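What the coordinates show
Listed here are the chains, written in short residue letters.
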Amino acid sequence: LKAAAKYKGLELYEYLGKEYSMPKCMMNILNGGAHASNKLDFQEFMIVPNKEEYKENLRMGSEVFNTLKNILEVFHALKKVLHDRGLSTAVGDEGGFAPLIEDAEEALDLIEEAITKSGYTLGKDINIALDVAASEFYDEEKDTYLLEGKEYTKEELISYYEKLVDKYHIISIEDGMA
């Protein structure tokens, strides 16, 4: 790559920017699963800004993250109450918030609200990505998935993902099946 950039008389970053599509910036903003002590079975909820320039994506992601932080102030108050009572106040170990949320759709609704309140449009300016970590809720003996208190076959889980993809403009699902 360095040689090709030099041959074209470009800096490496210029060459990469013109010749290659750089990976999208995926920002982890909510955690569940093994990374948090809440009811969410999905491990990570991420936003994916759609601008071409990295610095714009970073700015957009930061704005949404800060808006989500404001929306979740009540959870921070709850954290103090939990702490004062000697209960767990763990935050997701991947760096995202880990509030007490009931299910994936509630988490996705919060993310959509944060995107909208930040002045962006879900599906246009910013998309969503998930790291489901399905092996964490897979029952090998039954060959089913226990997600949010409901048992799913492989086909049913795929249908559930399709519903989420359509509703929330999800562009990536990591570890969707065990």
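Right above here is the structure, for reference.
The shown structure was predicted, so the numbers you read here are calculated from the model rather than taken from an experiment.

Taken as a whole, this structure holds 7 salt bridges when the rule is applied. In this structure, the salt-bridge partner of lysine 163 is glutamate 105, at a minimum N-O distance of 3.1 Å. Of this pair, lysine 163 sits in helix H6 (residues 154–168) while glutamate 105 sits in helix H5 (residues 104–117), placing them 58 residues apart in sequence. Taking relative accessible area as the criterion, glutamate 105 reaches 18% and is therefore assigned buried. Here lysine 142 ties to glutamate 151 by a salt bridge, and the two come within 3.3 Å at their closest N and O atoms. Overlapping salt bridges, with partners in common, bring together Glu56, Arg59 and Glu63 in one network.

Counting across every chain of the model gives 7 aromatic pairs. With a centroid separation of 6.4 Å and an interplanar angle of 25°, the aromatic rings of phenylalanine 42 and phenylalanine 137 are classed as stacked. Placement of the pair is phenylalanine 42 in the loop between strand S1 (27–31) and strand S2 (44–49) and phenylalanine 137 in the loop between strand S3 (126–131) and strand S4 (138–139), with a sequence separation of 95 residues. Here phenylalanine 42 matches phenylalanine 137 in class, with each residue buried. Measuring from centroid to centroid gives 4.8 Å for tyrosine 138 and tyrosine 145, while their planes differ by 45°, and the two rings are tilted. Owing to a relative accessible area of 1%, tyrosine 145 belongs among the buried residues under this scheme. One aromatic cluster is present, built from ring pairs that chain together Phe42, Phe45, Phe137, Tyr138, Tyr145, Tyr152, Tyr160 and Tyr161.

Here the focus is the pairing of S2. With 6 of 6 residues buried, S2 lies mostly within the body of the structure. Where burial is concerned, the two faces of S2 agree: the one with Glu44, Met46 and Val48 and the one with Phe45, Ile47 and Pro49 are both buried. In terms of strand pairing, S1 meets S2 through 4 bridges, oriented antiparallel. Each bridged residue has a counterpart across the sheet, and for asparagine 31 the counterpart in S2 is glutamate 44. Here S2 pairs with S3 via 6 bridges, running antiparallel. Residue methionine 46 lies in a different strand from S3, and its bridge partner there is alanine 129.

Reading across from one edge, S4-S5-S6 is the order of the 3 strands in this open sheet, with antiparallel pairing throughout. Single-partner strands in this sheet number two, and they are S4 and strand S6 (150–152). Strand direction decides the pairing type here: strand S5 (residues 144–147) and S6, joined by 3 bridges, are antiparallel. Looking across to S6, one finds that leucine 146 is bridged to glutamate 151. H6 rests against S5 and S6 of the sheet, and its axis sits at about 105° to S6.

What counts, and at which threshold
- Residues numbered from 1 in each chain as written.
- Predicted model: local features only at pLDDT ≥ 70, side-chain atom pairs only at ≥ 80, totals over all residues.
- Heavy atoms only, no water.
- Salt bridge = Lys/Arg side-chain N within 4 Å of Asp/Glu carboxyl O.
- Helix = DSSP H or I, 4+ residues; strand = E, 2+ residues; numbered from the N terminus.
- Buried < 20%, exposed > 50% of the residue type's maximum accessible area, 1.4 Å probe, protein only.
- Phe/Tyr/Trp six-rings, centres within 6.5 Å; stacked < 30°, edge-to-face > 60°.
- Pairing = 2+ DSSP bridges.
- Contact = heavy atoms within 4.5 Å.
- Axes fitted to C-alpha atoms, helices over the stretch in contact; angles between N-to-C directions.

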